[in-house]
Amino acid sequence: INYESLHKIDNLPYDMLIVDEAHTLGAFPKPSKRAKDIKDIVKKYNPYLCLMSGTPTPESYSQMYHQVFGIPSNPFSKHTSFYKFAREYVQVRQRKINSNYVNDYSRGMKKILDEMKPYTISFTQKEAGFVNEINEEIMWVEMNNTTYVLAERLKKDRVVEGNDNTILGDTPAKLMQKLHQLYSGTVKFESGDSITIDRTKAEFIKDYFRNQKIAIFYKFREEYKALKSVFKDTLCNTLEEFSNTDKNIALQIVSGREGISLREADAIVYYNIDFSATSYWQSRDRMTTKDRVNSKVYWIFSKHGIEKDIYRAVIKKKDYTVTHFKRDLLTLY
């Protein structure tokens with residue numbers, strides 16, 4: 001059963017509950033609905049629990065607390081809340097967001113994993129029989145001049161006004177988001193409407209990978225429209241159609257990064273890159289099977305864009321944040 005359907009369970013006549021992609025329970029400082037649902041099931045039916053993840057703490061050791069807080073015998077059970085847990089296991093810092101200071105609980109200590117060792121069985125992919133090697137290549141494209149003109153105006157003035165719509169980058173977070181969109185050829189206006197302003201990336205992908213069956217990951221919804229306008233009927237967005245036809249597939253990065261296999265693909269191609277380190281490490285592994293020896297992953301980056309800066313962060317298992325962006329913005333001028 002999927003996580004979204006857990007509330008439908010009326011009776012659980014099973015001895016064991018296997019929780020795949022368990023790191024998705026790890027939100028903090030407050031537990032996610034998913035984590036609370038699992039906790040409720042354990043409390044009601046008392047099954048054994050097996051947590052499975054290829055990346056148990058992809059962004060912070062603090063993610064471990066809510067993965068196991070529903071298990072009565074977990075090693076942190078004496079701490080009845082994340083905040084009490086943090087007093088012992090987290091180096092809490094103050095972080096300024098706009099004009100306010102908030103607690104940053106992301107610096108979980110390594111002793112969190114030490115506490116989990118008696119309950120953990122670890123296998124590398126090699127130990128599990130996988131020998132696949134992922135080879136990555138960055139490909140650079142020159143976007144249309146209009147894209148760069150709009151980006152430069154937005155960086156300088158923090159706003160671009162048209163006859164009917166406005167592009168606003170009046171805060172660092174908004175500016176980061178808008179530039180991320182623009183450098184891949186789309187933009188979402190303040191009105192909520194979005195348009196494709198540059199199909200260069202989509203056209204490049206179609207031309208370069210013309211004789212291959214590829215899986216394309218995109219970030220923003222408008223990017224799928226750009227791809228569809230170029231690929232037309234040779235592009236689908238369902239695994240069933242991808243598996244049973246010669247069509248290529250386009251998937252949104254976050255929704256496609258877990259729980260699917262793209263083994264039919266000759267290569268994975270990224271139209272854009274996500275800010276999340278989790279997205280990077282999980283989505284690039286979607287072609288891995290025991291039979292495959294090599295997987296090819298291509299990143300399509302715009303010249304002078306911010307994708308390269310995001311890439312530098314996520315390959316080090318760090319999310320790309322506004323703090324990174326404000327530092328990197330100086331190099332974009």
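As the structure is a prediction and not an experimental result, all values here were calculated from the model.

Across its full length, the protein carries 13 helices and 14 strands. Rg of the C-alpha trace for the protein: 22 Å, near the compact-globule value of 20 Å for 333 residues, within the 12% margin. Along the first, second and third principal axes, the C-alpha set of the protein runs to 60 × 55 × 35 Å. Counting all 333 residues of the protein, 46% fall into the buried class. Residue pairs in contact within the protein that sit at least 24 positions apart in sequence constitute 65% of those at least 6 positions apart. Counting only carbon and sulfur atoms, one obtains 49% of the accessible surface of the protein, whose full area is about 18200 Å².

This part covers helix H6 (residues 172–182). Along H6, the residues classified as buried are Leu175, Met176, Lys178, Leu179, His180, Gln181 and Leu182. Elements that come into contact with the buried residues of H6 comprise helix H5 (145–157), strand E7 (166–168), strand E8 (186–188), helix H12 (307–314) and helix H13 (322–328).

Further remarks concern the pattern of salt bridges. Counting across every chain of the model gives 20 salt bridges. A salt bridge links Lys219 to Asp274; the nearest nitrogen and oxygen atoms lie 2.6 Å apart. With Lys219 in the loop between strand E10 (214–218) and helix H8 (221–231) and Asp274 in the loop between strand E13 (267–270) and helix H11 (277–283), the pair connects residues that are 55 residues apart, well separated along the chain. The burial state of Lys219 is the same as that of Asp274; both residues are buried. Linking Asp309 and Arg312 is a salt bridge whose minimum nitrogen-to-oxygen distance equals 2.4 Å. Residue Asp309 and its partner Arg312 are located together in helix H12, separated by three residues, close to a single helical turn. Judged by relative accessible area, Arg312 falls into the partly exposed class, the value being 44%. Each of Lys110, Asp114 and Lys117 takes part in salt bridges that share partners, so that together they form one network.

Inspection of the secondary structure assignment puts Asn272 in the loop between E13 and H11. Using a relative accessible area of 0% as the deciding quantity, one classes Asn272 as buried. In this structure the side chain of Asn272 is engaged in a polar contact, spanning 3.0 Å, whose partner is the side chain of His180. Among the polar contacts made by the side chain of Asn272, one reaches the side chain of Ser184 at a distance of 3.1 Å. Apart from the residues lying within four places of it in its own chain, the contact partners of Asn272 are His180, Ser184, Lys201, Phe217, Lys219, Phe220, Glu223, Ile253, Trp299 and Glu307.

Another aspect to go through is H8. For H8, the complete set of buried residues consists of Glu222, Glu223, Tyr224, Ala226, Leu227, Val230 and Phe231. Turning to H8, the residues buried within the fold contact E8, strand E9 (194–196), helix H7 (200–208), E10, strand E11 (235–236) and strand E12 (248–252). Looking one or two places after H8, you find Lys232, whose phi comes out positive at around 55°.

Of note, the amide linkage connecting Phe28 to Pro29 takes the cis form, showing an omega dihedral of 5°. Checked against the element boundaries, Pro29 lands in the loop between strand E1 (16–19) and helix H1 (33–45). Positive phi, normally seen in glycine, also occurs at Glu21, with a value near 50°. Along the chain, Glu21 falls in the loop between E1 and H1. The phi angle at Asn46 is positive, at roughly 55°, despite the residue not being glycine. Residue placement: Asn46 occurs in the loop between H1 and strand E2 (48–51).

Our next topic: the environment of Arg158. With respect to the helices and strands, Arg158 occurs in the loop between H5 and strand E6 (159–161). As a C-alpha pair, Arg158 and Val90 span 68 residues in sequence and 37 Å in three-dimensional space.

Scanning all chains against the criterion turns up 26 aromatic pairs. Relative to Phe85, the ring of Tyr65 has its centre 4.8 Å away and its plane inclined at 40°; by these criteria the two rings are tilted. One end of the pair, Tyr65, is in helix H2 (residues 65–68); the other, Phe85, is in helix H3 (residues 82–89), and 20 residues separate them in sequence. There is no split in this pair, since Tyr65 and Phe85 are both buried. Here the aromatic residues Phe28, Tyr65, Phe69, Phe76, Phe82, Tyr83, Phe85, Tyr89 and Tyr105 are joined through ring pairs into a cluster of three or more. Stacked on the ring of Phe220, the Lys or Arg Lys219 has its end atom at 5.3 Å from the ring centre.

This brings us to the environment of Leu235. Along the polypeptide, Leu235 turns up in strand E11. For the pair Leu235 and Phe275, spaced 40 residues apart in sequence, the C-alpha separation works out to 25 Å.

A cluster of nonpolar side chains, Met16, Ile18, Tyr48 and Met52, forms an exposed patch at the surface whose accessible area comes to about 460 Å². Its location among the elements puts Tyr48 in strand E2. With relative accessibility at 63%, the residue Tyr48 sits in the exposed group.

Calculation criteria
Residues numbered from 1 in each chain as written. Predicted model: local features only at pLDDT ≥ 70, side-chain atom pairs only at ≥ 80, totals over all residues. Heavy atoms only, no water. Helix = DSSP H or I, 4+ residues; strand = E, 2+ residues; numbered from the N terminus. Rg over C-alpha atoms; globule rule 2.2 N^0.38 Å. Buried < 20%, exposed > 50% of the residue type's maximum accessible area, 1.4 Å probe, protein only. Contact = heavy atoms within 4.5 Å. Areas by Shrake-Rupley, 256 points an atom, 1.4 Å probe, with all protein chains shown as cover. Salt bridge = Lys/Arg side-chain N within 4 Å of Asp/Glu carboxyl O. Polar contact = N/O pair within 3.5 Å; in protein donor to acceptor, adjacent residues only side chain to side chain. Phe/Tyr/Trp six-rings, centres within 6.5 Å; stacked < 30°, edge-to-face > 60°. Lys NZ or Arg CZ within 6 Å of the ring centre and 35° of its normal. Patch = residues over 30% accessible without salt bridge, like charges linked within 9 Å, V, L, I, M, F, W, Y side chains within 5 Å.

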